[in-house]
Amino acid sequence: MGDLNVKVISTQKQLNDFTRYLLKDIHALERMLAEDWFNKEPLHIGAEQEICIVDNHYKPVPKSMSLLEKLDDSFTTELALFNIEANLDPLPYTGSCFSQLEANLNEKMNMLRALGDTQKLDFVLTGILPTIRKFDLEIENLTPLERYRSLLKAIAKMRGNNYELRISGLDELNLKHDSAMLESCNTSFQVHLQVTPEEFVQKYNIAQALAAPVLAISCNSPLLLGKRLWSETRVALFQQSVDTRITGEHIRDRSPRVTFGNDWLRNSIVDMYKDDIVRYRVMLMSDFEPDVMALMDQGITPKLRALTIHNSTVYRWNRPCYGVSPDGRPHLRIENRVLPSGPSTIDEVSNAAFWIGLMSGFNEHYPNIEEKMEFHHAKDNFFSAAHDGMNTDFAWIGGKKVDVQTLIKEELLPIAREGLEKNNIAKADIDRYLEVIEERNESRQTGTQWIVDSHTKLGKLTSREEVLVGLTCNMIENQRKGLPVHKWELASLESLNNWTPHTMLVEEFMTTDLFTVQANDIPELVADIINWRKIKHVPVEDDKGRIKGMINYRVLLKYYSKKMNVSPNENVMVKDLMDTNPTTIHPEATVSEALALMKSKTTDCLPVVKNGKLVGIITEGNFLNITASILKNLSSRD
């Protein structure tokens, strides 16, 4: 969302006035298309790089505003303070544009790293940062600019403050939150391709058909809050986090604001904008530019600010874009929002070259794609690729089934090469970047596969928290080396010599797989749970998940010792034995605070409670794991 001067619509008059300007912008766009105003050559490519900011413990840190004070204006804000964005200059689509794009991207990253080295900060290219925590998604980390506050207010106005996230993969994530800050977990590499008005419909439909295989080979976001979910979890997270529909409306055919679309584009880019106006209510407004028709009568290209603002609040995975070139003429672009950030700059540029080459060469092999492929197949392919990545089978042209690896090797790589050659891209660039795609496809090691396999490897060696830190640390090392992901070794713990877990929050090391009882259960059940699960403490909760007490093995020993001398008909329940006022702790407390509380209360167990509900438990066993990690790191330094 590039316009800084936006605000929430608060009155019906504001809504009506803005809607009038929005409709005028549509008429102005139609006139510019009819009168051939648009810049058609040379065509350009461009990109926006979203980046995660981490501290020297590899955790997200809200430092973007202070960093931007020391950076040039090619860097800008993102929704959360722990993200930053670099805007790459547009480049003519010819010659060595991709190697120049990579050089420009590396220059931006080196600028950030040089600045970060002075502040003990680092920067990560990843679709979802492995070490991000629920705590980081609180409203305090919202970038303090009116456009972001307005966006969250507008979404909340439509759906309320109850955000429920449900994503299932290898693991399952069920989460409630109070704002759309969940979306800030996502970071992407957004690629722009300029197209002519005459080709826009054809190119846009091609982009829709290609979204699935391009995503499958580029997946890099399998983890969210420590859970292994989709191959590209960004897709599910983005759709759910900014969905403005309330639950009861899902029985209607309301389209989510994050959308793949509902059909092929038929006539003009204008049709897509009209469809968005019809389907999606205006969320934000801005000050209006002078009458657009009057500007055009003077030969001045209007910015179409109302249309641009509305378009920025409809999140198509392939987004139509209108802009004004430096020469004052308007142009059209397709923005590819499918691609995640990372795993490395060479991977990102290779993904861009693959997609742009396909966009350039596809029509010669498959003209009129909308006549050869069902739209629902393209849409289903996209979500299947997001869920399963390289393990996807697609319904391809003519309805044939094909696995993604074969499709890329036998059809798409040759088409991409032809498309790049047709646009006079330097042979060295074509070979360099398509070779990365070819070798990644052959090895099947996408960013997602590297993360999942590394997670499995490290999970056998250490705690969940150290696994996530290890993944992030290894990502940074490989990115600094400039290695494409198919050449990355699986993550190891050797790089964590300088990391200690003292800054960890309780929610990062607590046990969440809980075995609980209720107050009216019998003590025998507790005894069996303790015996079967090899644990010492069992929380007592009600049927709404609220903590009611704790019962431990010592209490049971005393109970059974006394029971030997009383009547066997004694009707004792858990509520008669439990501690009804256990010492609890909040999930956002630190390790040090938890340890101090356990020591002061002489307890070896703390239930973790948030909003009155039991969310986890920490015991002396959790601290033994942390101590083992510290000792291991200390010994590795000797």
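Structure report, in brief. Just so it is clear, the structure is predicted and the values come from calculations on it, not from any experiment. Throughout this document, residue positions are counted from 1 along each chain, in the order its sequence is written. Since the coordinates come from a predicted model, pLDDT governs what is reported: local features require at least 70, and pairs of side-chain atoms require 80 or more to be given and counted, while whole-chain, interface and lining totals use all residues. For side-chain calculations, the full set of non-hydrogen atoms in the structure is used, while hydrogens and water are omitted.

Quick notes on the overall build of the chain
Strands are runs of DSSP state E lasting at least 2 residues, helices are runs of H or I lasting at least 4, and numbering of each runs from the N terminus. Assigned secondary structure in the chain consists of 22 helices and 21 strands. Compactness check: the chain gives a C-alpha radius of gyration of 27 Å against a globular reference of 26 Å for 638 residues, within 12% of the reference. Buried means the residue's accessible area, taken with a 1.4 Å probe over protein chains only, is under 20% of the maximum for its type, while exposed means over 50%, and partly exposed covers the values in between. A buried classification covers 56% of the 638 residues belonging to the chain. The contact criterion used throughout is that any non-hydrogen atoms of two residues lie within 4.5 Å. Across the chain, the fraction of contacts at a sequence separation of at least 24, relative to all contacts at a separation of at least 6, is 75%. Put simply, the radius of gyration uses C-alpha atoms, and a globule should come to 2.2 Å times the residue count raised to 0.38.

Notes on the pattern of salt bridges
A carboxyl oxygen of Asp or Glu within 4 Å of a side-chain nitrogen of Lys or Arg is what we treat as a salt bridge. This model, assessed by the stated rule, comprises 33 salt bridges. A salt bridge links Lys59 to Glu465, with the nearest nitrogen and oxygen atoms 2.8 Å apart. In this pair, Lys59 is assigned in the loop between β2 (44-55) and α2 (64-68) and Glu465 in helix α16 (residues 464-481), connecting sequence segments 406 residues apart. Across the pair, Glu465 and Lys59 agree in class, each one buried. Note that Asp604 and Arg554 form a salt bridge whose closest N and O atoms lie 3.8 Å from each other. Of the two residues, Asp604 is situated in the loop between α21 (591-600) and β20 (605-610) and Arg554 in helix α19 (residues 553-563); the sequence distance between them amounts to 50 residues. Looking at Asp604, the relative accessible area reads 14%, which means it is buried. When its relative accessible area of 42% is taken as the criterion, Arg554 is described as partly exposed. Each of the salt bridges in this network shares a partner with another, and the network as a whole consists of Asp275, Asp276, Arg279 and Arg316.

Observations regarding the nonpolar core
Phe98, Leu224, Phe354 and Phe362 are the most contacted members of the largest nonpolar core, which has 152 residues in total. The element that contributes the greatest number of residues to this core is helix α5 (residues 200-218), accounting for 13 residues. Aside from chain neighbours lying at most four places away, what touches Leu224 is Ile128, Leu165, Ile167, Leu173, Cys185, Leu229, Thr233 and Leu237. With 15 residues, the next largest nonpolar core counts Ile51, Phe75, Ile84 and Phe123 among its residues. To form a nonpolar core, buried Ala, Val, Leu, Ile, Met, Phe, Trp, Tyr and Cys residues must be joined to one another through side-chain atoms within 4.5 Å.

Here's the deal with the environment of Met359
For Met359, the location among the structural elements is in helix α10 (residues 345-365). On a C-alpha basis, the gap between Met359 and Asp17 in space is 39 Å, while along the polypeptide they are 342 residues apart. Residues contacting Met359, with those up to four places away along its chain left out, are Leu193, Lys203, Ile206, Ala207, Leu210 and Ile334.

Points about the packing of helix α13 (residues 404-422) against helix α14 (residues 427-443)
Interaxial distance between α13 and α14 falls to 10 Å at its minimum, and their mutual angle equals 175°. Classed by the angle they form, the pair α13 and α14 counts as roughly antiparallel. Of the residues in α14, those in contact with Val404, Gln405, Ile408, Lys409, Leu413, Ala416, Arg417, Leu420 and Glu421 of α13 are Ile430, Asp431, Leu434, Ile437, Glu438, Asn441 and Glu442. Lines fitted to the C-alpha atoms define the axes, with helices restricted to the stretch that makes contact. Angles between their N-to-C directions range from 0 to 180 degrees. Should an angle fall under 35 degrees it is taken as roughly parallel, and over 145 as roughly antiparallel, whereas 65 to 115 is taken as roughly perpendicular and any remaining angle as oblique.

Here we look at the packing of α5 against α13
The interhelical angle for the contact between α5 and α13, taken along N-to-C directions, is 110°, at an axis separation of 10 Å. Classified by the interaxial angle, the pair formed by α5 and α13 is roughly perpendicular. When α5 is examined against α13, the residues Leu210, Pro213, Ala216 and Ile217 are found in contact with a partner set consisting of Val404, Leu407, Ile408 and Leu412.

Considerations on a negative patch on the surface
Together, Glu435, Glu438, Glu439 and Glu442 make up a region of like negative charge exposed at the surface. Mapped onto the elements of the fold, Glu439 is located in helix α14. Among the residues examined, Glu439 registers a relative accessible area of 30% and is labelled partly exposed. Nonpolar side chains (Val, Leu, Ile, Met, Phe, Trp, Tyr) are joined into patches within 5 Å and like charges within 9 Å, using only residues with over 30% relative accessible area and no salt bridge. To be clear on the numbers: accessible area is Shrake-Rupley with a 1.4 Å probe, and residue cover counts the displayed protein chains and nothing else. The charge count includes Lys and Arg as positive and Asp and Glu as negative, but it does not include His or the ends of the chains. Charge coordinates come from a single atom per side chain, which is NZ of Lys, CZ of Arg, CG of Asp or CD of Glu.

Observations regarding the pairing of strand β8 (residues 189-195)
Buried residues dominate β8, accounting for seven of its seven residues. The alternating pattern of β8 places Phe189, Val191, Leu193 and Val195 on one face and Gln190, His192 and Gln194 on the opposite face, and all of these are buried. A pair of strands is treated as paired once DSSP finds two or more bridges between them. Relative to β8, β2 runs antiparallel, the two being bridged by five bridges. Each bridged residue has a counterpart across the sheet, and for Ile45 the counterpart in β8 is Leu193.

Quick notes on the packing of aromatic side chains
Stacked, tilted and edge-to-face pairs are distinguished by plane angle, under 30 degrees for stacked and over 60 for edge-to-face with tilted covering the rest, among Phe, Tyr and Trp rings (Trp via its six-membered ring) whose centres lie within 6.5 Å. The tally for this structure, following the rule as stated, stands at 14 aromatic pairs. Judged by centre distance (5.7 Å) and plane angle (50°), the ring pair of Trp317 and Phe382 falls under tilted. Placement of the pair is Trp317 in the loop between β13 (315-316) and β14 (318-324) and Phe382 in helix α12 (residues 375-388), with a sequence separation of 65 residues. For the pair Trp317 and Phe382, a shared accessibility class is recorded, and that class is buried. Members of the aromatic cluster, each reached through a chain of ring pairs, are Phe238, Phe260, Trp264, Tyr315, Trp317, Phe375, Phe382 and Phe383. A cation over a ring is seen here: Lys24 above Tyr21, with NZ or CZ 5.0 Å from the ring centre. When the NZ atom of lysine or the CZ atom of arginine is within 6 Å of a ring's centre and also within 35 degrees of its normal, the charge is said to sit over that ring.

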